[in-house]
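# Structural characterization, general
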Amino acid sequence: MTDRMLLYSAKGSGGVAVEAALTLIGAPHEVTDSYTFNPATPESGDKVLVANPMRQVPALALPSGEVLTESAAILIWLAEAHPEANLAPRPGDPTRGQFLRWMSFVSSAIYSLYWVKDDPSRLVPDPAGHAALVERTLERIAWCWGVMDAQVSPGQYILGDQLTVLDLYVNVVSRFRPRRMRFYKEAPKMAEAVKRVDADPRLAPLWAERMA
Ligand SMILES: N[C@@H](CCC(=O)N[C@@H](CS)C(=O)NCC(=O)O)C(=O)O
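Conventions adopted
- Residues numbered from 1 in each chain as written.
- Predicted model: local features only at pLDDT ≥ 70, side-chain atom pairs only at ≥ 80, totals over all residues.
- Heavy atoms only, no water.
- Helix = DSSP H or I, 4+ residues; strand = E, 2+ residues; numbered from the N terminus.
- Rg over C-alpha atoms; globule rule 2.2 N^0.38 Å.
- Buried < 20%, exposed > 50% of the residue type's maximum accessible area, 1.4 Å probe, protein only.
- Near = heavy atom within 4 Å.
- Polar contact = N/O pair within 3.5 Å; in protein donor to acceptor, adjacent residues only side chain to side chain.
- 1 Å grid on protein atoms, 1.4 Å probe; cavity = no way out; pocket = protein on both sides within 12 Å on 5 of 7 lines; lining within 4 Å.
- Sits in = over half its atoms within 2 Å of the grid points.
- Nonpolar A, V, L, I, M, F, W, Y, C, P; charged D, E, K, R; others polar.
- Domains from an automatic or database assignment.
- Pairing = 2+ DSSP bridges.
- Axes fitted to C-alpha atoms, helices over the stretch in contact; angles between N-to-C directions.
- Contact = heavy atoms within 4.5 Å.
- Phe/Tyr/Trp six-rings, centres within 6.5 Å; stacked < 30°, edge-to-face > 60°.
- Lys NZ or Arg CZ within 6 Å of the ring centre and 35° of its normal.
- Salt bridge = Lys/Arg side-chain N within 4 Å of Asp/Glu carboxyl O.

## Some thoughts on the overall build of the chain
Along the chain, the regular secondary structure elements total ten helices and four strands. Each helix and strand of the chain, ordered N terminal to C terminal, gives the series β-α-β-α-β-β-α-α-α-α-α-α-α-α. For 212 residues, the compact-globule estimate of 2.2 N^0.38 gives 17 Å, and the C-alpha radius of gyration of the chain, at 17 Å, lies within 12% of that figure. Burial statistics for the chain: of 212 residues in total, 48% are counted as buried.

Below, the structure written as structure tokens:
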């Protein structure tokens, strides 16, 4: 038993959104890199299996021995466990419903599609179909960002003037393909908030080290 949280993550992965939340909270933690999405490093990817039978990062092992998986759940849980960090609207806050809505949306409508994009042979055995599947998946992701952008009313941040874990989540997932330039085109309202989080001095070193 340790008194620190152990995060299974990887450079360039959605786990970096959790690393960002832990940075803002200042919670003691360790990071174990597990490159689940790199076929060239199978032993690295297998490291997360002790925590997540889905073989996906992020996974967060708590000092109690409990394990949390699913990026949205981990981010919401961290914000709730550390209310002093003000990283989520509290129950009863007028923006709470939209916060939960868009956290779920990024997870289910967008992030889950990378299981297909990263290895199209999981759904289509014939390599001849892979390029089209990847292209259509990326178009779907871009369209989903547009749907979200049309329905949020950002202030300095996506839900208003409070930085929440939703900003961290969107910041990281919008760096994945089809990447930021396309994201800015599809989501011009969220673009400014995302850039503000890029430049946040508390997070800029993490972005440079883990999302470069
Ligand atoms: N639903 C999961 C998805 C996590 C996920 O797709 N993680 C990627 C890294 S960014 C991964 O581990 N991919 C390997 C795989 O899906 O086989 C979550 O939200 O945490």
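## Observations concerning the site of the ligand
Lining the immediate surroundings of the ligand are 13 residues, of which Thr-36, Val-57, Glu-70, Ser-71 and Arg-122 lie closest. One of the side-chain N or O atoms of Thr-36 is found 2.6 Å from an oxygen atom in the ligand. Between the ligand and Val-57, the relevant distance is 2.8 Å, taken from a nitrogen atom to a main-chain nitrogen or oxygen of the residue. Placement of the ligand is best described as lying within the largest pocket. Looking at the shell around the ligand residue by residue, the classes come out as five nonpolar, five polar and three charged. Looking at which domains feed residues into the shell around the ligand, each of domain 1 (5-85) and domain 2 (96-200) gives three or more.

## Digging into the sheet that holds strand 1 (residues 5-9)
Ordered by their spatial adjacency, four strands build an open sheet running 2-1-3-4, and the pairing between neighbours is mixed. Pairing within the sheet leaves two strands with one partner each, and these edge strands are strand 2 (29-33) and strand 4 (67-69). For this sheet, the mean angle separating the axes of adjacent strands, direction not counted, is 20°. On the sheet, helix 1 (residues 15-25) packs against strand 1 and strand 2 and is oriented at approximately 150° with respect to strand 1. Its contacts with the sheet place helix 3 (residues 71-81) against strand 1, strand 3 (59-61) and strand 4, and it is angled at close to 120° to strand 4.

## Observations concerning the packing of aromatic side chains
Tallying each qualifying case throughout the model produces seven aromatic pairs. Judged by centre distance (6.1 Å) and plane angle (65°), the rings of Tyr-35 and Phe-37 are edge-to-face. Classification of Tyr-35 as partly exposed rests on a relative accessible area of 23%. Relative accessible area serves as the criterion here: at 38%, Phe-37 is assigned to the partly exposed category. Ring geometry for Trp-102 versus Phe-105: centroids 5.1 Å apart, planes at 80°, classification edge-to-face. A residue pair is termed a helical-turn pair when its members lie 3 or 4 positions apart in one helix, as Trp-102 and Phe-105 do in helix 4 (residues 96-110) at three residues. Here Trp-102 matches Phe-105 in class, with each residue buried. A network of ring pairs unites the aromatic residues Tyr-111, Tyr-114, Tyr-169 and Phe-176 as a single cluster. Geometry around Trp-207 places Arg-175 over its ring, the cationic atom sitting 4.9 Å from the centre.

## Digging into the packing of helix 3 against helix 4
Helix 4 packs onto helix 3 with a crossing angle of 150° between their chain directions and a minimal axis gap of 9 Å. Where helix 3 approaches helix 4, its residues Ala-72, Leu-75, Ile-76 and Glu-80 are matched on the opposing element by Arg-96, Phe-99, Leu-100, Met-103 and Ser-107. Of the residues assigned to the contact of helix 3 with helix 4, the class counts are six nonpolar, one polar and two charged.

## Details of the pattern of salt bridges
If the charged atoms of two oppositely charged side chains come close together, the side chains can form a pair. Counting across every chain of the model gives twelve salt bridges. Put simply, Arg-210 and Asp-33 hold a salt bridge, and the shortest N to O gap is 2.6 Å. Note that Arg-210 is positioned in helix 10 (residues 204-210) and Asp-33 in strand 2, a separation of 177 residues in sequence. Note on Asp-33: relative accessible area 23%, which makes it partly exposed. Residue Asp-46 pairs with Arg-55 through a salt bridge whose shortest N-O separation is 2.8 Å. For Asp-46, a relative accessible area of 36% corresponds to the partly exposed category. For Arg-55, a relative accessible area of 25% puts it in the partly exposed group. Residues joined in a network through salt bridges with shared partners are Glu-19, Asp-33 and Arg-210.

No statement about biological role is implied by the geometric values presented.
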